[in-house]
Amino acid sequence: MTGSASERIISPATRVFWDRSFADRRALFEGLRQRSPIEFHTETDGPGFWSVVGYDDVVAVSRNPEVFSSAKGFTIDDVPVEILEFAMSMIAMDNPRHQHLRGIVQSAFTAASVRGIADRVRGHAAQIAADLPRDTVFDFVPEVATRLPVQVICELLGIPESDRPMILAAAADVISGGGDQEFVTAPGGAAGLGQIYGYALELGEKRKAEPGDDLTSRLVSTTVDGETLTPTEFGSFVILLITAGYETTRQALAWALHLLSEHPVQKELLLADFPGHIDNTIDEVIRFASPVPYMRRTATVDTETGGAHIAAGDKVVMWYLSANHDENVFDDPDRFDITRPNAGKHLGFGAKDIHHCLGVNLAKLELRVMLEELFAAHPGLHAVGEPELLLSAFVSGIASLPARAGDRP
């Protein structure tokens, strides 16, 4: 970087970057892409990091885990080793350990396995749609977007109905970093992490003693190469499933209603042929909103990427939100278009690398079924105001979205 030019850069790890509209956030990333696909940013309380904003460079870093490791953490902030060990699960591991654990749990998330729970997901979605008030403004986030993913994940794990409010509160604490609309660049909430972890250990022990027809029972008994998940590994996986699986899906649901309401022609197109357009609509929502804006890696050796000389030990941050709006890959990237031919190239679930989202099939099922049930019961459902955005670099999220289920005036 050069003197005066570098001083004008707004780092995407700062509050001033995210404390603005979604359009302004995208515009800032566009400016960074025009400067350089990879650029170094300083930190107030850290060594700084390389910011990767171009699509091709994000893919290149993602698909080179030998050079760009996950084991030092996946957030811009350095997380204490003990937190990484018990709370961050496979997402903060490299192969072969990552591959081993993924091999134990991945059977529960195949397309065939997810189809097996489709009827239960639809039952929850239909009830949520039926519960919506008519001709009264309500907050779509708690009334719809939050309810389905937490119900599905808790049911999958065999968590009793009476315990679900506690799990929901703990997950919210982790995602918010333990604060209330304080700016965060990483999940935190030690209290929430501890609650979920402790609960998972107890649940795992119960299912070992008395197996049931749920994912917990399968996970604590599944053997791969003669090994099962240890209690610590199981507890860490439950944290990952509850927080990541819950948060990304609820944010995608909220973004879907906001974007479809903001672009009524697109909504009309979807409702005119829901089966024909819904899968591409989901991809376009994920591309446009990028519920997970970034992931971090750490260089294991001195290397060169995108013209940048990266030293061993340097933090490298891949900005999916920027890559998903890269004009070199997506024509007119700030246009929301459910017929976009390459919407499926988005990196919202990862870059087809070793850490590609394990729950992608489940997330897409929930989104497809929930939107279908909502618009079948309430064709006029629409947002009636601007969303309140989360003040977070780690979740591109909507905290609140006023909506109405009645016919559009």
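Reading guide: rules and limits
Residues numbered from 1 in each chain as written. Predicted model: local features only at pLDDT ≥ 70, side-chain atom pairs only at ≥ 80, totals over all residues. Heavy atoms only, no water. Helix = DSSP H or I, 4+ residues; strand = E, 2+ residues; numbered from the N terminus. Contact = heavy atoms within 4.5 Å. Pairing = 2+ DSSP bridges. Axes fitted to C-alpha atoms, helices over the stretch in contact; angles between N-to-C directions. 1 Å grid on protein atoms, 1.4 Å probe; cavity = no way out; pocket = protein on both sides within 12 Å on 5 of 7 lines; lining within 4 Å. Points joined across faces, edges and corners; volume = space filled by probe spheres on them. Nonpolar A, V, L, I, M, F, W, Y, C, P; charged D, E, K, R; others polar. pLDDT = per-residue confidence, 0-100. Left-handed = near helix turned anticlockwise from the far one by under 90°.

A.B. asks: I'd like to hear about the side chain of D353, residue by residue, with values.
C.D. replies: Residue position: D353 is located in the loop between α17 (320-323) and α18 (360-377). D353 has contacts with S62, R63 and R297, leaving out every residue within four places of it along the chain.

A.B. asks: Tell me about the sheet that holds strand β5 (residues 294-299), and name the residues and values.
C.D. replies: Taken in spatial order, the five strands of this open sheet run β1-β2-β8-β5-β3, and their pairing is mixed. The two strands at the open ends of the sheet, each matched to only one other strand, are β1 (38-43) and β3 (68-69). In this structure, β3 lies alongside β5, joined through two bridges in antiparallel fashion. If you follow F68 over to β5, its bridge partner there is A299. Across the sheet, helix α4 (residues 55-62) touches β1, β2 (46-52), β3, β5 and β8 (315-319), and the angle it forms with β8 is around 130°.

A.B. asks: Describe in detail the sheet that holds strand β4 (residues 138-139), supporting the description with residues and values.
C.D. replies: Strands sit in the order β4-β12-β9 across an open sheet of three strands; the sheet is antiparallel. Lying at the two open borders of the sheet, with one neighbouring strand each, are β4 and β9 (382-383).

A.B. asks: Provide a residue-level description of the environment of P231, including the pertinent values.
C.D. replies: Looking at where P231 falls in the secondary structure, it is placed in helix α14 (residues 231-262). Along the chain, P231 and A200 lie 31 residues apart, while their C-alpha atoms are 8.6 Å from each other. Leaving out residues up to four positions away in the same chain, P231 has contacts with L201, E205 and K208.

A.B. asks: I'd like a description of empty space enclosed by the protein, backed by residues and values.
C.D. replies: Per the stated rule, a full pass over the model turns up six cavities of 30 Å³ or more. Here the largest cavity is characterised by a volume of approximately 860 Å³. Along the walls of the largest cavity sit 45 residues, with I91, L240, A244, M295 and C357 positioned nearest its centre. Put simply, the parts of the chain that give the lining of the largest cavity at least two residues each are α6 (97-105), α11 (164-175), α14, β5 and α18. When residues of the lining of the largest cavity are assigned to their parent elements, the largest contribution, eleven residues, is made by α14. Split by residue class, the lining of the largest cavity holds 30 nonpolar, ten polar and five charged.

A.B. asks: Describe the confidence of the model for the protein, listing the residues and the values that go with them.
C.D. replies: On average, residues of the protein carry a pLDDT of 88, and 92% of them reach 70 or more. Low pLDDT, under 50, characterises residues 1-7; the stretch is placed with five contacts to residues that sit more than four places away or in other chains.

A.B. asks: Can you explain the packing of helix α8 (residues 118-130) against helix α10 (residues 147-157)? Please cite residues and give values.
C.D. replies: Where α8 meets α10, the closest approach of the two axes is 10 Å, and the angle between their N-to-C directions is 145°. In this structure, α8 meets α10 at a crossing whose hand is right-handed. Of the residues in α10, those touching α8 at R120, V121, H124, A125 and I128 are R147, L148, Q151, V152 and E155. Along the lines of polarity and charge, the residues of the contact of α8 with α10 split into five nonpolar, two polar and three charged.

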